[in-house]
Amino acid sequence: MIATAAAITATALATPAAALLPLLTHRALRRAQAAKTLRIDSPHGIDEQGFVRIGGIDQWISVRGEDRTNPVLVEIHGGPGAANSIYTARTRSWERHFTIVRWDMRGAGKTFGRGGPAGQGEATFQRLYEDALEVTRYAQDLLRVERVVLLASSYGSVFGLRLARNHPELYSAYVGTDQNIQTAGRDTSAYDALLERLRAAGKTKPLAQVEAIGADQHAWTPKERATYAKFCAQSDPLTFATLKKVVLGSMWLSPLHSLRDLRDFFRGQNFSEQITEGTADFNDLADGTRFEIPFFVFQGEHDVLTPTASAKAFFDEVEAPVKQFALIEDCSHFASFARPDRFLELLQTHVRPALTGEHRSAV
């Protein structure tokens, strides 16, 4: 999904040191400035980052917030393998109102860097699902809360829907963004739209590759699924601009990530392609649209990777105690990170009022 950003960064890292010096100097200054803004000095705040034993391996978890009594949000990132820890500086404002638990999943980011390919253990959808439950319980124990808000983005929302549906005892609300709806391959609208964009742009070589992959997602290999996502992002000007400015910019300037961490980020994403193996038959409508917890979807208005129309169609079928769908205007994919203040406004306006105090506990 972010293969273009990977190529740009790889080119930069391969550039001779002398030519890179001004770029690295600028990066060092910007990272130092960002590090200052990330400091949490409030007496009731928390800033704990490090490796935790999850599912038998060391996995990176960050817990940050200015007040431990705020609601807790546990994030499930997308990709697979695209860790959200690179966006910490962009989402600093969220930490004033929520405690954010960010996790580099098995095969992703710093977790991948810790153990390398051989140290990731079983990299399957089911194994990561079990990891997510363990991370949830870790956050509950650490922060002494009974339930947490589940915030899932992009491919992470494939996990998110199943976690929210199956474990209402763990979660006080579900928030999906870049919401991914699985239809067992029946919905080909995103694939068809990609073909239209490639034809209109005269991109004959990518068009031939996408046509060769075919519309039947059951036949896609993990590599073909990644190739489709790459062309889908590159072919849409808004998504491509967001990749360069928001995704790559966040990576390059993150005070939490060294150049080696960035290399591991992309290696991890390539490794994590295998996680989609065997998920082609997933069908979210068939699995059920009844949720026992408040249910929210905040979607980029022009998302081409996880189409807004598909997310809205699923949302309309959902039965939940409280539910709300909202657009993040002028955004494609990565909407919550492209407009973090707008996303926070939606969290404050819709999600927080739905939390009736169950996030507080006397544990």
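Scroll up to find the structure.
Looking only at helices and strands, the chain features 14 helices and eight strands. Expected size for 363 residues packed as a compact globule is a radius of gyration near 21 Å; at 20 Å, the chain falls within 12% of this value. Seen through its principal axes, the chain has C-alpha atoms that stretch 60 × 55 × 40 Å. Across the 363 residues that make up the chain, the buried fraction comes to 58%. Counting every atom, the chain has about 14900 Å² of accessible surface; 52% of that belongs to carbon and sulfur. Computed over 41 positive and 42 negative side-chain charges, the separation of the two mean positions in the chain equals 7 Å.

The next subject is helix 12 (residues 308-317). Thr-308, Ser-310, Ala-311, Phe-314 and Phe-315 are the residues of helix 12 that are buried. Mapping the buried residues of helix 12 onto a view down its axis gives an arc of 165°, with all of them on the same face. Those residues of helix 12 hidden inside the fold are in contact with helix 5 (156-166), helix 6 (189-200), helix 11 (284-287), strand 7 (295-300) and strand 8 (323-328).

In terms of burial, strand 5 (residues 148-153) is largely enclosed, as six of its six residues are buried. Here strand 3 (residues 72-76) runs beside strand 5; their pairing, made up of four bridges, is parallel. Residue pairing across strands places Val-74 opposite Leu-150, the latter belonging to strand 5. Inspection of the sheet shows strand 5 paired to strand 6 (residues 171-177) by six bridges, in the parallel sense.

Apart from glycine, the bulk of residues carry a negative phi angle, and the bulk of peptide bonds sit in the trans form. Residue Pro-80 is bonded to the preceding Gly-79 through a cis peptide linkage, with omega at -5°. Within the secondary structure, Pro-80 is located in the loop between strand 3 and strand 4 (99-104). A positive phi is found at Asp-178, a non-glycine position, where the angle reads about 50°. Note that Asp-178 resides in the loop between strand 6 and helix 6. Despite not being glycine, Ala-184 shows a phi value in the positive range, around 55°. If you trace the backbone, Ala-184 turns up in the loop between strand 6 and helix 6.

Okay, the packing of aromatic side chains next. In this description, an aromatic ring pair is defined by two values, namely the gap between the centres and the angle between the planes. For the structure on display, the rule yields 20 aromatic pairs. Note on Tyr-191 and Tyr-228: the rings are 6.4 Å apart at their centroids and 25° apart in plane angle, and the pair reads as stacked. One end of the pair, Tyr-191, is in helix 6; the other, Tyr-228, is in helix 8 (residues 222-234), with 37 residues separating them in the sequence. Using a relative accessible area of 10% as the deciding quantity, one classes Tyr-228 as buried. Three or more aromatic residues joined by ring pairs make a cluster, and in this case those are Tyr-87, Trp-94, Phe-296, Phe-298, Phe-337 and Phe-343. One residue, Lys-110, lies across the ring of Trp-60, its end atom 5.0 Å from the ring centre.

The strand order across the open sheet built from eight strands is 1-2-4-3-5-6-7-8, with neighbouring strands paired in mixed fashion. Each edge of the sheet is formed by a strand with only one pairing partner; in this case those strands are strand 1 (46-54) and strand 8. In this sheet, neighbouring strand axes are inclined to one another by 20° on average, regardless of whether the strands run parallel or antiparallel. The sheet strands contacting helix 4 (residues 125-143) are strand 1, strand 2 (57-65), strand 3, strand 4, strand 5 and strand 6, and the helix crosses strand 1 at an angle near 140°. Sitting on the sheet, helix 12 touches strand 7 and strand 8, and the angle it makes with strand 8 is about 165°.

Taken N-terminus to C-terminus, the directions of helix 6 and helix 7 (residues 204-213) make an angle of 160°; their axes are 9 Å apart at the nearest point. In terms of orientation, helix 6 lies roughly antiparallel with respect to helix 7. Of the two possible hands of crossing, helix 6 and helix 7 adopt the one that is left-handed. In contact with Tyr-191, Leu-194, Leu-195, Leu-198 and Arg-199 of helix 6, helix 7 contributes Pro-206, Leu-207, Val-210 and Glu-211. Residue composition of the contact of helix 6 with helix 7, grouped by class: seven nonpolar, no polar and two charged.

The biggest cluster of nonpolar side chains holds 53 residues, and the ones touching the most others in it are Val-175, Phe-298, Phe-343, Leu-347 and Val-351. When neighbours within four sequence positions are excluded, Leu-347 is seen to be in contact with Leu-73, Phe-98, Val-175, Phe-298, Arg-352 and Pro-353.

The next subject is helix 10 (residues 259-272). In this model helix 10 runs 20 Å from its N-terminal to its C-terminal C-alpha over 14 residues, within 8% of the 20 Å that 1.5 Å per residue would give. Of the residues making up helix 10, those classed as buried are Asp-261, Leu-262, Asp-264, Phe-265, Phe-266, Gly-268, Gln-269, Phe-271 and Ser-272.

Scoring rules and cut-offs
Residues numbered from 1 in each chain as written. Predicted model: local features only at pLDDT ≥ 70, side-chain atom pairs only at ≥ 80, totals over all residues. Heavy atoms only, no water. Helix = DSSP H or I, 4+ residues; strand = E, 2+ residues; numbered from the N terminus. Rg over C-alpha atoms; globule rule 2.2 N^0.38 Å. Buried < 20%, exposed > 50% of the residue type's maximum accessible area, 1.4 Å probe, protein only. Areas by Shrake-Rupley, 256 points an atom, 1.4 Å probe, with all protein chains shown as cover. Lys, Arg positive; Asp, Glu negative; His and termini not counted. Charge placed at Lys NZ, Arg CZ, Asp CG, Glu CD. Arc of directions from axis to C-beta. Contact = heavy atoms within 4.5 Å. Pairing = 2+ DSSP bridges. Phe/Tyr/Trp six-rings, centres within 6.5 Å; stacked < 30°, edge-to-face > 60°. Lys NZ or Arg CZ within 6 Å of the ring centre and 35° of its normal. Axes fitted to C-alpha atoms, helices over the stretch in contact; angles between N-to-C directions. Parallel < 35°, antiparallel > 145°, perpendicular 65-115°, else oblique. Left-handed = near helix turned anticlockwise from the far one by under 90°. Nonpolar A, V, L, I, M, F, W, Y, C, P; charged D, E, K, R; others polar. Core = buried A, V, L, I, M, F, W, Y, C linked by side-chain atoms within 4.5 Å. Expected span 1.5 Å × (residues − 1).

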